[in-house]
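Each chain, letter by letter, is given below.
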Amino acid sequence: MSSKESCRNELRTAIRQLSDRCLYSAAKWAAEQLVGIEQDPAKFTPSHTRFQRGSSSIRRRFRTNEIASTPIAGVSYVSTPVLEEDEAIDGDFYLLAKSYFDCREYRRAAHVLRDQSGKKAVFLRCYALYLAGEKRKEEEMIELEGPLGKSDAVNRELVYLERELSTLRKNGTADPFGLYLYGLVLKEKGSENLARTVLVESVNSYPWNWNAWMELQSLCTTIDVLNSLNLSNHWMKDFFLANAYQELRMHNESLAKYEYLQGTFSFSSYIQAQIAKAQYSLREFEQVEVIFEDLLRNDPYRVEDMDMYSNVLYAKECFSTLSYLAHRVFSTDKYRPESCCIIGNYYSLKGQHEKSVVYFRRALKLNKNYLSAWTLMGHEFVEMKNTPAAVDAYRRAVDISPCDYRAWYGLGQAYEMMAMPYYALHYFRKSVFLQPNDSRLWIAMAQCYETDQLQMLEEAIKCYKRAANCNDTEAIALHQLAKLSKELKRSEEAAFYYKKDLERMEAEEREGPNMVEALLFLATFYKSQKRFEEAEIYCTRLLDYTGPEKETAKSLLRGMRKVQSGFPSMDIEHLPP
């Protein structure tokens, strides 16, 4: 059996098993990967492969190393998903409980299975109790603090579930799904080390449960923790590592893993979206836009990850495309957090910040832990000059994910607006630690050092140098380096940076006051160095302007001619007006 066929068979069986245990998001993920495996054209008609059309262009465009054979990471240690145990006795009760579960009647489902002892029945009973506790916790939070308030409400079922699942594990009767739920409970209770151990046991014995991998990934906050995991070899491990690398901001390693996986999962929309996410973090917006265009062409009703696409369109100020995307997701599913964020971005780009906040609030009512919405809402409050609300939104974001550099950056901006540069500096430092290749963050920190309260110009110069080396697309760093060097009487350094800034402006065909400032300084500097030929070139360029700089250039030319000739100053009115 070929490796592609092996993956296909494993996923088909896993989808049925995951769905049967009501792990629907894991089943959905597995089904997407199943369809992402390229079909054998000899066995399937075009109608079977229509979902895969249009995706291959992404693979061709973004793969760096073409892989001839089908790459599978390691050897599958479980050839096919574990077989269902014989549960004929409690099968009827299980079907009834599952129907209650599907109708979100979780306690009723758990009650039906109270006397059933099969592993599958025990898992569904415990899982139903866990979700019943989560549902009640959310209700208490709304009752006590409102939909966006903070609350100390807890899942009251965790203590019972921990006791029962711990006993099952000690007795050796817990199956991989029970171990997954036990790991989830331990994580909720703060026992992170034991949770990691239990989740590793779960994925090692049943690797097709993507939910278990995601819970494990959330507990891997450093590369050392990730490397310490004792994971068996299986192709699902590569999906996990690619995702973990991305969360740890190891974007190039993550991209390499995804490109490797594309050798088998050539048409996986999940992999394409993750590649886009990595490219987004690297600020390669053009490539991200191409990927999302292909994804939407292939799957026009997709809402997942589209909020990231809207962020790119917002940054590029693509108003018409963002408007089209907002109308599309509104008509597809307007009560999804992603849809609300997209519509919020649309109104923000229109300058309607109050309306934008309404939609970000709606996204948070649907999912109060939706990180992107808290951060974006903070940005809107900054635009509205409502700094206390902005600080609160950003703090909620960093509570959810301390690795969100945008929220730390936002906090820095907010405190800068409140003229509290020491606090601002603290938050900017956190943001650059998390995203050291973003020039905007270094520039913000440099500007903070330049404030009247700090006046730490040497530190500001260091930050601007880092920004200049990080592809400063807004062309701020070089100009500021030149100005600060001039201010500190470092004429040669100032000339170096003005010259580099001038070259960049010429390459980008930009005009403006920065160009005039650079030409004036360079003309004056080279005159003082008695490098008259170079000084004359810059002076001659200044004569094309109509402001006071033209007269200054004429004066410099007169002075240079006088020095060169040793005679009284010559009349240069014949020079071009």
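It should be noted that the structure appears before, not after, this text.
Residues numbered from 1 in each chain as written. Predicted model: local features only at pLDDT ≥ 70, side-chain atom pairs only at ≥ 80, totals over all residues. Heavy atoms only, no water.

Turning our eyes to something else, we now look at the overall build of the chain. The helix and strand inventory of the chain stands at 30 helices and zero strands. For the chain, buried positions account for 52% of its 577 residues. For the chain, the proportion of contacts with a sequence separation of at least 24, taken over those separated by at least 6, is 58%. Total accessible area on the chain is roughly 27,700 Å²; 51% of this is exposed by carbon and sulfur atoms. (Helix = DSSP H or I, 4+ residues; strand = E, 2+ residues; numbered from the N terminus. Buried < 20%, exposed > 50% of the residue type's maximum accessible area, 1.4 Å probe, protein only. Contact = heavy atoms within 4.5 Å. Areas by Shrake-Rupley, 256 points an atom, 1.4 Å probe, with all protein chains shown as cover.)

Turning our eyes to something else, we now look at the nonpolar core. Core analysis: the biggest nonpolar cluster contains 102 residues, and Leu-18, Phe-101, Tyr-130, Leu-216, Leu-226, Phe-239 and Phe-240 have the highest contact counts within it. If you tally residues by element for this core, the top one is helix 6 (residues 119–145), at eleven residues. In this structure, Leu-18 is in contact with Leu-23, Ala-26, Ala-27, Ala-30, Phe-177, Tyr-206, Trp-208 and Asn-209, ignoring residues within four places of it in sequence. Counting residues in each nonpolar core, the second largest holds 80 residues, with Tyr-405, Ala-477, Phe-521 and Leu-557 among its members. (Core = buried A, V, L, I, M, F, W, Y, C linked by side-chain atoms within 4.5 Å.)

Enumeration according to the criterion identifies 32 salt bridges in this entry. We note a salt bridge from Glu-162 to Lys-189, for which the minimum N-O separation is 2.7 Å. One end of the pair, Glu-162, is in helix 7 (residues 158–171); the other, Lys-189, is in the loop between helix 8 (176–188) and helix 9 (192–205), with 27 residues separating them in the sequence. Between Glu-286 and Lys-316 there is a salt bridge, with its nearest N and O atoms 3.1 Å apart. Residue Glu-286 is located in helix 15 (residues 285–298), and its partner Lys-316 is located in the loop between helix 16 (306–315) and helix 17 (319–333); the two are separated by 30 residues in the primary sequence. Taking relative accessible area as the criterion, Glu-286 reaches 53% and is therefore assigned exposed. Judged by relative accessible area, Lys-316 falls into the partly exposed class, the value being 28%. Residues joined in a network through salt bridges with shared partners are Arg-136, Glu-139, Glu-140 and Arg-156. (Salt bridge = Lys/Arg side-chain N within 4 Å of Asp/Glu carboxyl O.)

Our focus in this paragraph is the packing of aromatic side chains. Considering all chains together, one arrives at 31 aromatic pairs under this definition. Summarising the aromatic geometry, the rings of Phe-123 and Phe-177 are spaced 5.9 Å apart at their centres and angled 55° between planes, so their arrangement reads as tilted. Remark: Phe-177 occurs in helix 8 and Phe-123 occurs in helix 6; sequence separation between them is 54 residues. The exposure classification of Phe-123 matches that of Phe-177, with both residues buried. Geometrically, the ring pair formed by Phe-292 and Tyr-309 is stacked, given 5.2 Å between the ring centres and 20° between the ring planes. Of this pair, Phe-292 sits in helix 15 while Tyr-309 sits in helix 16, and the two are 17 residues apart along the sequence. (Phe/Tyr/Trp six-rings, centres within 6.5 Å; stacked < 30°, edge-to-face > 60°.)

This part takes up the side chain of Asn-243. Note that Asn-243 resides in helix 12 (residues 235–247). The contacts of Asn-243, once residues within four sequence positions are left out, are Trp-210, Met-214, Gln-217, Tyr-258, Tyr-270 and Gln-274.

For Arg-283, which is not glycine, the phi dihedral falls at a positive 60°. Considering the arrangement of structural elements, one finds Arg-283 in the loop between helix 14 (269–281) and helix 15. Of the residues examined, Arg-283 reaches a relative accessible area of 33% and is grouped as partly exposed.

Among the eleven residues that make up helix 26 (residues 477–487), eight are buried, leaving the element largely enclosed by the rest of the structure. Considering only its buried residues, helix 26 is in contact with helix 24 (439–449), helix 25 (457–468), helix 27 (491–507) and helix 28 (513–528).

A few words now on the packing of helix 24 against helix 25. Helix 25 packs onto helix 24 with a crossing angle of 165° between their chain directions and a minimal axis gap of 8 Å. When the interaxial angle is binned, helix 24 and helix 25 end up roughly antiparallel. Two packed elements cross with a definite hand, and for helix 24 against helix 25 that hand is left-handed. The residues of helix 25 that touch helix 24, namely those facing Ser-439, Trp-442, Ile-443, Met-445, Ala-446, Gln-447 and Tyr-449, are Glu-459, Ala-460, Cys-463, Tyr-464, Arg-466 and Ala-467. Its residues assigned to classes, the contact of helix 24 with helix 25 shows nine nonpolar, two polar and two charged. (Axes fitted to C-alpha atoms, helices over the stretch in contact; angles between N-to-C directions. Parallel < 35°, antiparallel > 145°, perpendicular 65-115°, else oblique. Left-handed = near helix turned anticlockwise from the far one by under 90°. Nonpolar A, V, L, I, M, F, W, Y, C, P; charged D, E, K, R; others polar.)

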